Amino acid sequence: MVCIMIEYIVPSNIDNRVMAKAVRALENGGLVALPTDSSWSLVCSIKSPAGVKKLRKLSGERDERHFTLLCSDISQFGELCSLDNSRFRLIKRLSPGPYVFILKTLLGTQKALDIRRHEVGVRIPGHPIPLALINTLQHPLYSITAKKSMVEEMEFTGAAADNDNELSPIPEEDLFESGWELEDITSVDMVLDDSEERERIFSTILNISGEEIKLIRQGAGQWPV
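A quick note: this is a predicted structure, and the numbers were derived from the prediction, not measured. (Residues numbered from 1 in each chain as written. Predicted model: local features only at pLDDT ≥ 70, side-chain atom pairs only at ≥ 80, totals over all residues. Heavy atoms only, no water.)

Chemist: Looking at this structure, how should I read unusual backbone geometry?
Modeler: A negative phi angle is the norm for most residues apart from glycine, just as the trans form is the norm for most peptide bonds. For the bond running from Ser95 to Pro96, omega is -5°, close enough to zero to count as cis. Within the element layout of this structure, Pro96 appears in the loop between helix H4 (85-94) and strand S5 (99-104). Here the bond from Trp223 into Pro224 is cis, since omega is 0°, no more than 30 degrees from zero. Note on placement: Pro224 falls in the segment after strand S10 (214-217). Located in the positive-phi region is Ser195, a residue other than glycine, with phi close to 65°. The exposed category is assigned to Ser195, whose relative accessible area is 57%. (Helix = DSSP H or I, 4+ residues; strand = E, 2+ residues; numbered from the N terminus. Buried < 20%, exposed > 50% of the residue type's maximum accessible area, 1.4 Å probe, protein only.)

Chemist: Is there a simple way to think about the packing of aromatic side chains in this case?
Modeler: Two descriptors summarise a pair of aromatic rings, namely the distance from one centre to the other and the angle between the planes of the rings. Overall, the coordinates contain two aromatic pairs when judged by the stated rule. With a centroid separation of 5.5 Å and an interplanar angle of 20°, the aromatic rings of Phe67 and Tyr142 are classed as stacked. Of this pair, Phe67 sits in the loop between helix H2 (49-59) and strand S4 (68-70) while Tyr142 sits in strand S7 (residues 141-145), and the two are 75 residues apart along the sequence. With a relative accessible area of 0%, Tyr142 lands in the buried category. Ring centres of Tyr99 and Phe101 lie 6.2 Å apart, and the angle between their planes is 15°; on these two criteria the pair is classed as stacked. (Phe/Tyr/Trp six-rings, centres within 6.5 Å; stacked < 30°, edge-to-face > 60°.)

Chemist: Would you mind going over the packing of helix H1 (residues 16-27) against helix H6 (residues 128-137) with me for this structure?
Modeler: With their axes 10 Å apart at the nearest point, H1 and H6 run at an angle of 65° to one another. Classed by the angle they form, the pair H1 and H6 counts as roughly perpendicular. Here H1 and H6 pass one another in a crossing that is right-handed. Residues Met19, Ala22, Val23, Leu26 and Glu27 of H1 form the contact with H6, whose own contacting residues are Ile129, Ala132, Leu133, Thr136 and Leu137. Class assignment of the residues belonging to the contact of H1 with H6 gives a composition of eight nonpolar, one polar and one charged. (Axes fitted to C-alpha atoms, helices over the stretch in contact; angles between N-to-C directions. Parallel < 35°, antiparallel > 145°, perpendicular 65-115°, else oblique. Left-handed = near helix turned anticlockwise from the far one by under 90°. Contact = heavy atoms within 4.5 Å. Nonpolar A, V, L, I, M, F, W, Y, C, P; charged D, E, K, R; others polar.)

Chemist: Quick question: what am I supposed to make of the nonpolar core here?
Modeler: When a protein is soluble and globular, its nonpolar side chains tend to lie buried together. In terms of nonpolar packing, the biggest core is built from 40 residues, with Leu42, Tyr142 and Leu182 touching the most fellow members. Among the secondary structure elements, those contributing two or more residues to this core are strand S3 (41-45), H2, helix H3 (74-78), H4, S5, strand S6 (119-123) and S7. Leave out the neighbours within four places in its chain, and Tyr142 touches Leu42, Val43, Cys44, Ile46, Val52, Leu55, Arg56, Phe67, Thr68, Leu69, Leu113 and Ile115. Counting residues in hydrophobic clusters, the runner-up holds 19 residues, among them Ile9, Ile14, Leu70 and Ile129. (Core = buried A, V, L, I, M, F, W, Y, C linked by side-chain atoms within 4.5 Å.)

Written as structure tokens, this is what we have:
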């Protein structure tokens, strides 16, 4: 039986020792589950090829709009994606919050994350735990939404989607409420639990990589605003 470490955290008084443990797990190719301002997420370090591979296998998805780079500041977006003044202003107005913004990637980002599309989703979550972990790690996290269907690991074998159609909402019953539930996902090395139940909601995804803003998935973030 796999032993998953659960660390309980008070969001208003985050223990730096717990953050250090989580960073060590990520640097060793591990996955960490944590709360956000929408639902629970699973994350790895963008600088760990083993962690990225593990996360992508667990997801079972090849459409890269299901994956998001979690950042603590807009300045980190510019190191990964193409960002002009108009997009900067939109992101600043809606962040931090439950919004994922799809932007064109820089060449180095595509190589590091083995991305086939020339776009990636970026987000500044409105929750202190992921922000503290990013700041301790000192670079962004690669993330997916934690789903109950991941309890039995799967590997995607079909073709990747390659269009801009809306993504289907994640069924509410497939999302987690409490941190202890994530113990059943055997690929997870650590759960950072704030002891609060999360609403079973997902983020709003906006593709702002082109001339027009396209709503890819309606979620917790209101659009239009």
